[in-house]
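# Chains, contacts and geometry: an overview
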Amino acid sequence: GENVEQHPSTLSVQEGDSAVIKCTYSDSASNYFPWYKQELGKRPQLIIDIRSNVGEKKDQRIAVTLNKTAKHFSLHITETQPEDSAVYFCAATRGGAQKLVFGQGTRLTINP
Amino acid sequence: EPEVTQTPSHQVTQMGQEVILRCVPISNHLYFYWYRQILGQKVEFLVSFYNNEISEKSEIFDDQFSVERPDGSNFTLKIRSTKLEDSAMYFCASSGIGQGKETQYFGPGTRLLVL
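With that out of the way, let us pick up the pattern of salt bridges. Summed over all chains, the structure comprises seven salt bridges over all chains. Across the pair Asp84 of chain A and Arg61 of chain A runs a salt bridge, and its minimum N-O distance is 2.9 Å. Within this pair, whereas Asp84 of chain A is found in the loop between β8 (72-77) and β9 (86-92), its partner Arg61 of chain A is found in the loop between β6 (56-59) and β7 (62-67), the two being separated by 23 residues in sequence. Taking relative accessible area as the criterion, Asp84 of chain A reaches 6% and is therefore assigned buried. What makes Arg61 of chain A partly exposed here is its relative accessible area of 21%. The partner of Arg36 of chain B in a salt bridge is Glu44 of chain B, and the shortest N-O contact between them spans 3.3 Å. Glu44 of chain B gets classed as partly exposed once you look at its relative accessible area, which sits at 23%.

Turning to the sheet that holds β7 of chain A, a few remarks are in order. All names here are of chain A. Reading across from one edge, β1-β3-β8-β7-β6 is the order of the five strands in this open sheet, with antiparallel pairing throughout. Each having just a single partner strand, β1 (4-7) and β6 make up the two edges of the open sheet. With direction set aside, neighbouring strand axes in the sheet form an average angle of 15°. Alignment of strand β3 (residues 19-25) against β8, held across six bridges, turns out to be antiparallel. Note that in β8 the partner of Val20 across the bridge is His76.

Our focus in this paragraph is the interface of chain A and chain B. Every contact between the two is made by 21 residues of chain A and, on the other side, 22 residues of chain B. At the boundary of chain A with chain B, the tally comes to three salt bridges. Between Arg43 of chain A and Glu3 of chain B there is a salt bridge whose closest N-O contact spans 3.5 Å. Inspection of the chain A/chain B interface yields nine residue pairs in polar contact (both at pLDDT 80 or more). Looking at the side of chain A that touches chain B, the elements with two or more residues in it are β4 (32-38) and β5 (45-51) of chain A. Counted by class, the side of chain A that touches chain B contains eight nonpolar, eight polar and five charged residues.

What follows is about the state of the cysteines. Residue and element names in this part refer to chain A. With the rule as written, the count across this model stands at two disulfides over all chains. Covalent S-S linkage joins Cys23 and Cys90, the inter-sulfur distance amounting to 1.9 Å. Measuring handedness by torsion sign, the sulfur bridge of Cys23 and Cys90 sits at about -100° and is left-handed. Separated by 67 residues along the polypeptide, Cys23 in strand β3 and Cys90 in strand β9 bring together distant segments of the chain. Of the two residues, Cys23 and Cys90, neither departs from the other in class, the shared state being buried.

Quick notes on the rules
Residues numbered from 1 in each chain as written. Chains lettered and ligands numbered in written order. Predicted model: local features only at pLDDT ≥ 70, side-chain atom pairs only at ≥ 80, totals over all residues. Heavy atoms only, no water. Salt bridge = Lys/Arg side-chain N within 4 Å of Asp/Glu carboxyl O. Helix = DSSP H or I, 4+ residues; strand = E, 2+ residues; numbered from the N terminus. Buried < 20%, exposed > 50% of the residue type's maximum accessible area, 1.4 Å probe, protein only. Pairing = 2+ DSSP bridges. Axes fitted to C-alpha atoms, helices over the stretch in contact; angles between N-to-C directions. Contact = heavy atoms within 4.5 Å. Polar contact = N/O pair within 3.5 Å; in protein donor to acceptor, adjacent residues only side chain to side chain. Nonpolar A, V, L, I, M, F, W, Y, C, P; charged D, E, K, R; others polar. Disulfide = S-S within 2.5 Å.

See the structure below:
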């Protein structure tokens, strides 16, 4: 079955700098890749997603890139702010209404 | 904006007791899911549900677990005889139709503690 690896497990950056989180997946049939942000004790919230027919997607300070050949995708956050501090999870799925397989999560800390 | 809701927010139970976790998915969604997250770990899939039947279940979802959509709005997860290792945050999620069925929206979770 699908396996998603996520790195790094923790990431600390200065406010205003960029943060990059990387994920690799194993199932070449996976075609939908969402990213969730989870603040302490709260629900995972979808922040951006990408489908396999697209190589990059951007939404304001957040972007996601996908390399289907290498089976990896990355989250890029620019101009980081303290409110970006949270745990970020990548996920992969074969699409439709199939299960999400999550990475292990990255605890991002933005230092003022 | 519509959201998935879950009750209760916290539940403490004794080992061996039955618990029912309740979820109200987003109203026009047709696909429903349960996930769990053990403290400090990643979110793990338990089961998906569509058209009043289970679509897929993980190896975690053994005979102690069951799901039901008892009416037009609720979606429940029952654990018949809880074990210590069932202690976790349980998230319900739902997704819509068409291309929207890929995008899963999560509820706030129920934190289950088994003593």
